[in-house]
Amino acid sequence: MSRYIFNIHTDVFFMLKMASLRHLVHSRVLLHLSESLGVRSSVFRCGRLLSTSSRCRTVMPAWVIDKYGSNEVLRFTKNASFPIISYPNELIIKVFAAGLNPIDVAMRGGYGAATWSMKRDPLNIKQTGSEFPLILGRDVSGVVMECGLDVKYFREGDEVWAAIPPWKQGSLAEFVVLSANEVSHKPKSLSHVEAAAIPYVAATAWSALVNTGGLRKDNCANKRILILGGSGGVGTFAVQMVKSWGAHVTVTCSQNAERFVRGLGADHVVDYTAGPVEELLSVLEKFDLILDNIGGDTEHWALKLLKPWSGAKYITLVTPFLQNTDRLGVADGMMQTAATVATKTFKHLMKGVHYRWGFFAPSGPALDEIRDMVDAKQVRAVVEETFSFSQVPQAFEKVEKGHNRGKTVVQINKGGDDV
């Protein structure tokens, strides 16, 4: 079944909003009748019968932050606002597992706050700090509990996974609401804990390598790919993806991670602790594409490792975009960013190589492709450690320490028989 693409004119949107209003009024009448008749074990929510409590839920358990800071700002509450469907292409997911990523630790400290605030409130109507209480967590695996009127690709009870955009409330909660085009059916071969280890890193790697790098399964054979920092979340997925497409993959990592990344399919491993890594890499045959997960001074020497005048690309996931907007404001920060990337792109283009920035992009269709790769055993989930819902602060500490071998996952709910 082809994915439904939401594209609607204003007059039709008005009609849908009116229909939603009538639908809501109808559901409230049903709720009133059910309570009057003494129905205690279930409620009508938006016209659908859900097994929850004696009243329509307005709150849920979640880990939130009320300000930016260190791990101490994490707070557990049973009174987080229950997500609501505001647009007809949205759906509510009951969360079974949530994956943590370095961006969650960074966002806890305020990273990207200016950009995400602009995305949430483009007209700057709300006051500063209106994002609080904020729920973190970019990966989710769970079950669809409720669908908007225009959701055609999913039904209640479907097992799904998604990478949640940073400007939306996250997955460290019992429920989350997302747009249908950000969601995909979960791989049947994975548990929810395993599935929660993949979406964010997979969407990031896909955006960088496919959308920006131009790689596809039909053009990757025999290409030489270098992945700087191959033992982390994005690196472990990128290794498996391009290797399954027939590329020759070289990875940099520490010596104690060599066996791990070779097990994921790396053809050649360079230990960055054995000496200056640029010297160790310079003696190798040049590369068609470099994916940089490290940043720092790597771009000063990494582009020399590319094949010149052959369309070779250097793609870094460590960019100054969000730091610029946090430091200078959105408008000035974007101007500074545009000037920086334009200067670097032109400088390296004159040397015969392409300089690019890679970014995470939420995409249900990309996760559809990745789901098929997972079920075909071409890529696998790499879960380093699993924490319970009560151990979220410990999970953050684990991610914050770095040097991870795969993903840290929080199990929110167990099983799926309550759907």
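Our structure is the block above this text.
Notes on the structure follow. (Residues numbered from 1 in each chain as written. Predicted model: local features only at pLDDT ≥ 70, side-chain atom pairs only at ≥ 80, totals over all residues. Heavy atoms only, no water.)

Concerning the sheet that holds strand β10 (residues 224-228)
Stated precisely, the cut-off is as follows: In this scheme, strands are said to pair when DSSP sees at least two bridges between them. Secondary structure follows DSSP: runs of H or I at least 4 residues long count as helices, runs of E at least 2 residues long count as strands, and numbering of each begins at the N terminus. Lines are fitted to the C-alpha atoms to define the axes, a helix being fitted only along its stretch in contact, and any angle between axes, read from their N-to-C directions, falls within 0 to 180 degrees.
Reading across the sheet, the 6 strands line up as β12-β11-β10-β13-β14-β15 and stay open at both edges, with parallel pairing between neighbours. Looking at which strands have only one partner, the edges of the open sheet turn out to be β12 (268-271) and β15 (354-357). Strand-to-strand twist in this sheet, taken as the mean axis angle between neighbours without regard to direction, amounts to 15°. Relative to strand β13 (residues 289-292), β10 runs parallel, the two sharing 4 bridges. Along β13, the bridge assignment pairs Ile-225 with Leu-289.

What to know about the pattern of salt bridges
Here is the rule we go by: Salt bridge, as used here, is a side-chain nitrogen of Lys or Arg placed within 4 Å of a carboxyl oxygen of Asp or Glu. For every residue, the accessible area (1.4 Å probe, protein chains only) is compared with the maximum for its type, and the residue is labelled buried under 20%, exposed over 50%, or partly exposed between those bounds.
Following the criterion strictly, the structure yields 16 salt bridges and no others. Glu-174 is the salt-bridge partner of Lys-94, the closest N and O atoms lying 3.4 Å from each other. Of the two residues, Lys-94 sits in strand β5 (residues 90-100) while Glu-174 sits in the loop between β7 (159-163) and β8 (175-179), which places them 80 residues apart along the sequence. Given the relative accessible area of 13%, Glu-174 is considered buried. For Arg-108, the salt bridge is made with Glu-400, and the minimal N-O distance between the two is 2.9 Å. One end of the pair, Arg-108, is in helix α2 (residues 102-108); the other, Glu-400, is in helix α13 (residues 392-401), and 292 residues separate them in sequence.

Here we look at helix α12 (residues 364-375)
Heads up, the condition is: Multiply 1.5 Å by the residue count of a helix minus one, and that product is the helix's expected span. By the convention used here, residues are in contact when the closest approach between their heavy atoms is within 4.5 Å. A 3.5 Å cut-off defines polar contacts: any pair of N or O atoms within that distance qualifies, except that in protein one atom must be a possible hydrogen donor and the other a possible acceptor, and neighbouring residues in sequence count only when both atoms are side-chain atoms.
Spanning 12 residues, α12 covers 16 Å between terminal C-alpha atoms, matching the ideal 16 Å at 1.5 Å per step. Considered for burial, the residues of α12 that qualify are Gly-364, Ala-366, Leu-367, Asp-368, Ile-370, Arg-371, Met-373 and Val-374. For α12, the elements touching its buried residues are β7, β9 (183-185), α5 (199-212) and α6 (233-244). A distance of 3.1 Å separates the backbone nitrogen of Ala-366 from a side-chain oxygen at the start of α12, and that oxygen is part of Ser-363.

Details of the side chain of Ser-184
By secondary structure assignment, the location of Ser-184 is in strand β9. Given a relative accessible area of 0%, Ser-184 falls into the buried group. Polar side-chain contacts of Ser-184 include one of 2.6 Å to the side chain of Asp-368.

Comments concerning the packing of α5 against α12
The packing of two helices is summarised by the inter-axis angle and the distance between the axes. The cut-off we apply is this: Geometric relationships in this document are graded by angle, where less than 35 degrees denotes roughly parallel, more than 145 denotes roughly antiparallel, 65 to 115 denotes roughly perpendicular, and other angles denote oblique.
Direction vectors running N to C along α5 and α12 enclose 110°, while the axes themselves pass 10 Å from each other. Considering the angle they form, α5 stands roughly perpendicular to α12. Seen from α5, the contacting residues are Pro-199, Ala-202 and Trp-206; seen from α12, they are Ala-366, Leu-367, Glu-369, Ile-370 and Met-373.

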